[in-house]
Amino acid sequence: MAEAAVKNSFNRYDIVQALGSDRCTPCGSRKIRKRSHCSRCYYSLPPEQRQALYNLVGDGYEEAFIASLKTLGVDAELVS
């Protein structure tokens with residue numbers, strides 16, 4: 001019997017923690033704190049998604065972060 005893929009659930013707290021971390025969520029590489037992703041992951045995103053990551057927390061950033069994770073191959077969802 002095949003196992004179901006694990007979906008990574010993120011709430012606002014988790015997303016803010018990821019932003020403050022020095023590790024990139026999708027790949028685990030080092031990143032600069034207060035940046036969403038390491039340079040390699042960030043520049044592999046389409047320009048519209050990179051721009052959306054400048055939204056403020058509570059004003060679209062969470063959705064943009066989840067969308068970027070999905071683009072980078074992470075099965076992620078936003079939870080309340």
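The structure presented is a predicted model; accordingly, all values stated were derived computationally and were not measured. (Residues numbered from 1 in each chain as written. Predicted model: local features only at pLDDT ≥ 70, side-chain atom pairs only at ≥ 80, totals over all residues. Heavy atoms only, no water.)

**Regarding the layout of surface pockets**
By volume, the largest pocket is sized at about 330 Å³. The wall of the largest pocket is formed by 18 residues, among which Lys34, Arg35, Ser36, Tyr42 and Tyr54 lie closest to the centre. Per-element tally for the lining of the largest pocket: the top contributor is helix α2 (residues 39–44), with 3 residues. Looking at the lining of the largest pocket residue by residue, the classes come out as 10 nonpolar, 4 polar and 4 charged. (1 Å grid on protein atoms, 1.4 Å probe; cavity = no way out; pocket = protein on both sides within 12 Å on 5 of 7 lines; lining within 4 Å. Points joined across faces, edges and corners; volume = space filled by probe spheres on them. Helix = DSSP H or I, 4+ residues; strand = E, 2+ residues; numbered from the N terminus. Nonpolar A, V, L, I, M, F, W, Y, C, P; charged D, E, K, R; others polar.)

**So, helix α4 (residues 61–71)**
Along α4, the positions that sit buried rather than exposed are Tyr61, Glu62, Ala64, Phe65, Ile66, Ser68 and Leu69. Buried residues along α4 sit against β1 (8–10), α1 (12–20), α3 (47–52) and β2 (76–78). The first or second residue beyond α4 is glycine 73, which carries a positive phi of 95 degrees. (Buried < 20%, exposed > 50% of the residue type's maximum accessible area, 1.4 Å probe, protein only. Contact = heavy atoms within 4.5 Å.)

**With respect to unusual backbone geometry**
A positive phi angle, near 75 degrees, is found at lysine 34, a position not held by glycine. Looking at the secondary structure, you find lysine 34 in the loop between α1 and α2. For lysine 34, a relative accessible area of 74% translates into the label exposed.

**Some words on the packing of aromatic side chains**
Tallied over the full model, the rule gives 3 aromatic pairs. When the centroid spacing of 6.2 Å and the interplanar angle of 80 degrees are considered together, the rings of phenylalanine 10 and phenylalanine 65 count as edge-to-face. Here phenylalanine 10 is found in strand β1, whereas its partner phenylalanine 65 is found in helix α4, with 55 residues between them in sequence. Judged by its relative accessible area of 0%, phenylalanine 65 is buried. In textbook terms, an aromatic cluster arises when at least three aromatic residues are bridged by ring pairs, as seen for Phe10, Tyr61 and Phe65. Positioned over the ring face of tyrosine 42 is arginine 50, at 5.8 Å from the centre of the ring. (Phe/Tyr/Trp six-rings, centres within 6.5 Å; stacked < 30°, edge-to-face > 60°. Lys NZ or Arg CZ within 6 Å of the ring centre and 35° of its normal.)

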